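Fold and geometry: a report
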Amino acid sequence: MRRRDSVFRCEAEKLMKLIAAAILYFAGAYAQAAEIHDGDTGYIANNSIWFTNESDLSVWKRVRQAFAPKDVKTYQQIILEERQAWQFSGPTKVKVISYWANQHEINVKMLTEGRLADSEWWVEDKDYSNAAAR
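Residues numbered from 1 in each chain as written. Predicted model: local features only at pLDDT ≥ 70, side-chain atom pairs only at ≥ 80, totals over all residues. Heavy atoms only, no water.

Notes on the overall build of the chain
Where we set the bar: Each helix is a run of DSSP H or I of at least 4 residues and each strand a run of E of at least 2, with the numbering of both proceeding from the N terminus. When a residue's accessible area, from a 1.4 Å probe over protein chains only, is under 20% of the maximum for its type it is buried; when over 50% it is exposed; and in between it is partly exposed. Residues are treated as being in contact if the distance between any of their heavy atoms lies within 4.5 Å. In these tables, accessible area is a Shrake-Rupley quantity obtained with a 1.4 Å probe, and a residue counts as shielded only by the protein chains included in the view.
Helix and strand counts for the chain stand at three helices and seven strands. Ordering the α and β elements of the chain from the N terminus gives α-β-β-α-α-β-β-β-β-β. Counting across all 134 residues of the chain, residues that qualify as buried make up 27%. Partitioning the intrachain contacts of the chain with sequence separation of at least 6 by distance along the chain shows that 61% fall at a separation of at least 24. Approximately 9600 Å² of the chain is accessible, and the part contributed by carbon and sulfur atoms is 54%.

Focus on the side chain of serine 98
Within the secondary structure, serine 98 is located in strand 4 (residues 92-100). For serine 98, a relative accessible area of 12% puts it in the buried group. Those residues in contact with serine 98, other than ones at most four positions away along the chain, are Asp38, Glu105, Ile106 and Asn107.

So, in structure tokens, the structure goes:
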């Protein structure tokens, strides 16, 4: 009986090591896929908040961290009405001009047709994806 327990424990340890290796592999693949580099093209998510300058984005991030959700919603409504921020429907194709990973901010150029073509914006990196829009 002891030998069977020993064999079972050894097999369980092998299985745990295999699972841990798989998790590390997929975590590494995800981290690499999420990298953002200057010059990359990708998409900004539907209904993200876009800013025409970095300082307004910084204020927005501080407001979201410091205030209650209902106050954040009120602030969002004000900045959108005052054209201090913008919100676009549908994933929007962009080119990364510059990326500050430690600040989670991306300066992008809009790659759309129309009057906003080639316009520059500031967005949060959480809203960026280099995967094709669905």
